[in-house]
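These are the residues of each chain, in order.
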Amino acid sequence: MSAHDLLFSPFIEFGFLRRALIGCLALSLAAPPLGVFLMLRRMSLSADVLAHGILPGVAAGFWVAGLSVTAMSLGGLVAGLGVALGAGALSRATGGREDATLAALYLLALALGVAMVSVRGGAMDLTHLLFGSVLGVDDDALLMMAGVSTLTLLVLAPAWRPLVLECFDPQFAAAQRAHGGAWHMLFLALVVLNVLAAFQALGTLMAVGLMMLPAVASRHWSRQIGGLARASALLAAIASTAGLLLSYHLDVPTGPAIVLVAGGLWAVSVIAGPVDGLLARLLRRRHLAG
């Protein structure tokens with residue numbers, strides 16, 4: 001098999017792969033920068049909670065209209081925002097930790113969603129919703145992925161400075177009346193929207209992978225927030241392209257394939273990244289010892 005057949009022919013021959021590639025590349029521009037802020041705010045696992053929290057809403061949409069992008073997305077949006085807002089409201093009302101409340105809601109949402117899909121759908125439907133499928137990226141899904149990516153970038157432009165300030169000096173942000181609570185809720189809404197946009201291709205269990213793994217890997221390539229965002233987007237684009245090719249050639253679900261490639265890029269970054277990578281640390285020790 002030639003390099004052309006391996007790398008280019010699948011996208012040239014099949015429209016569903018082209019749609020999936022364009023959609024995943026669009027999300028690669030918007031979702032990883034959100035992951036960078038989640039990482040800096042020590043909320044990396046919150047994205048996973050929100051990704052699982054959308055499942056009952058997606059399942060409800062599936063009950064009503066089958067594999068309809070519009071119905072499942074609306075249901076997932078309501079469920080995801082309900083989990084995000086509900087966790088904050090419950091933690092404030094009871095005085096408990098928000099992460100503990102999120103964990104409880106996440107487990108309940110995941111179990112409820114799987115049960116709902118299992119009752120009304122078959123094993124193929126459950127696999128599609130949990131792990132994604134390139135066949136699910138139709139024109140409606142592609143428009144949603146591109147629209148969410150565009151909206152995220154437009155919102156991040158004015159939100160960038162307040163979010164950076166909240167990450168590094170929340171007390172100063174409060175003193176400057178930066179409206180940190182409002183920006184935080186808007187930020188969580190963007191996370192939910194990006195997870196929703198990704199679930200058609202990646203599935204609800206894997207959607208957060210394109211957001212978080214490139215973000216975590218990017219810390220080994222830059223020390224500046226802007227550099228982290230650019231590096232995470234580039235790594236996500238590489239993972240999307242290589243993951244779709246892996247999914248096509250090996251006939252594996254799209255979501256796990258993309259996340260596995262993203263995980264491989266993270267491992268390479270940990271080993272060979274110039275910022276606190278293992279090799280860089282080893283060379284620095286040898287230089288100091290010499």
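Residues numbered from 1 in each chain as written. Predicted model: local features only at pLDDT ≥ 70, side-chain atom pairs only at ≥ 80, totals over all residues. Heavy atoms only, no water.

Secondary structure assignment for the protein yields 15 helices and zero strands. Expressed as a percentage of the 290 residues in the protein, the buried residues total 49%. With the model as given, the accessible surface of the protein reaches about 13,800 Å², and the carbon-plus-sulfur share is 68%. (Helix = DSSP H or I, 4+ residues; strand = E, 2+ residues; numbered from the N terminus. Buried < 20%, exposed > 50% of the residue type's maximum accessible area, 1.4 Å probe, protein only. Areas by Shrake-Rupley, 256 points an atom, 1.4 Å probe, with all protein chains shown as cover.)

Let's shift gears to the packing of helix H12 (residues 209-218) against helix H13 (residues 225-250). Each pair of packed helices can be summarised by the angle the axes make with each other and by the distance between the axes. Remark: H12 packs on H13, axes separated minimally by 8 Å, with the N-to-C direction vectors making an angle of 125°. Taken together, the axes of H12 and H13 lie oblique to each other. H13 is crossed by H12, and the crossing has right-handed handedness. Mapping the contact onto sequence places Leu-210, Pro-214, Ala-215, Ala-217 and Ser-218 in H12 and Leu-228, Ala-231, Ser-232, Leu-235, Ala-236 and Ser-240 in H13. (Axes fitted to C-alpha atoms, helices over the stretch in contact; angles between N-to-C directions. Parallel < 35°, antiparallel > 145°, perpendicular 65-115°, else oblique. Left-handed = near helix turned anticlockwise from the far one by under 90°. Contact = heavy atoms within 4.5 Å.)

Quick look at empty space enclosed by the protein now. The tally for this structure, following the rule as stated, stands at one cavity of 30 Å³ or more. Elements supplying a minimum of two residues to the lining of the largest cavity: helix H3 (15-40), helix H11 (180-202) and H12. A breakdown of the residues in the lining of the largest cavity according to their chemical character gives seven nonpolar, one polar and no charged. (1 Å grid on protein atoms, 1.4 Å probe; cavity = no way out; pocket = protein on both sides within 12 Å on 5 of 7 lines; lining within 4 Å. Points joined across faces, edges and corners; volume = space filled by probe spheres on them. Nonpolar A, V, L, I, M, F, W, Y, C, P; charged D, E, K, R; others polar.)

The positions that UniProt labels "transmembrane region" (unreviewed entry) are, in the present scheme, residues 20-40, 47-65, 71-90, 102-121, 141-160, 181-199, 233-250 and 256-279. Measuring from the first to the last C-alpha atom of residues 20-40 gives 29 Å, for a span that is 100% helix and 0% strand. Helix makes up 95% of residues 47-65 and strand 0%, with an end-to-end C-alpha separation of 27 Å. (UniProt positions renumbered as here; feature names shortened; annotations may be inferred.)

So, on to the nonpolar core. In this structure, Leu-38, Phe-187, Val-191 and Met-211 are the most contacted members of the largest nonpolar core, which totals 59 residues. It is H11 that provides the largest number of residues to this core, a total of 13 residues. Within the second largest apolar cluster, six residues are counted, among which are Leu-235, Val-261, Ala-262 and Leu-265. (Core = buried A, V, L, I, M, F, W, Y, C linked by side-chain atoms within 4.5 Å.)

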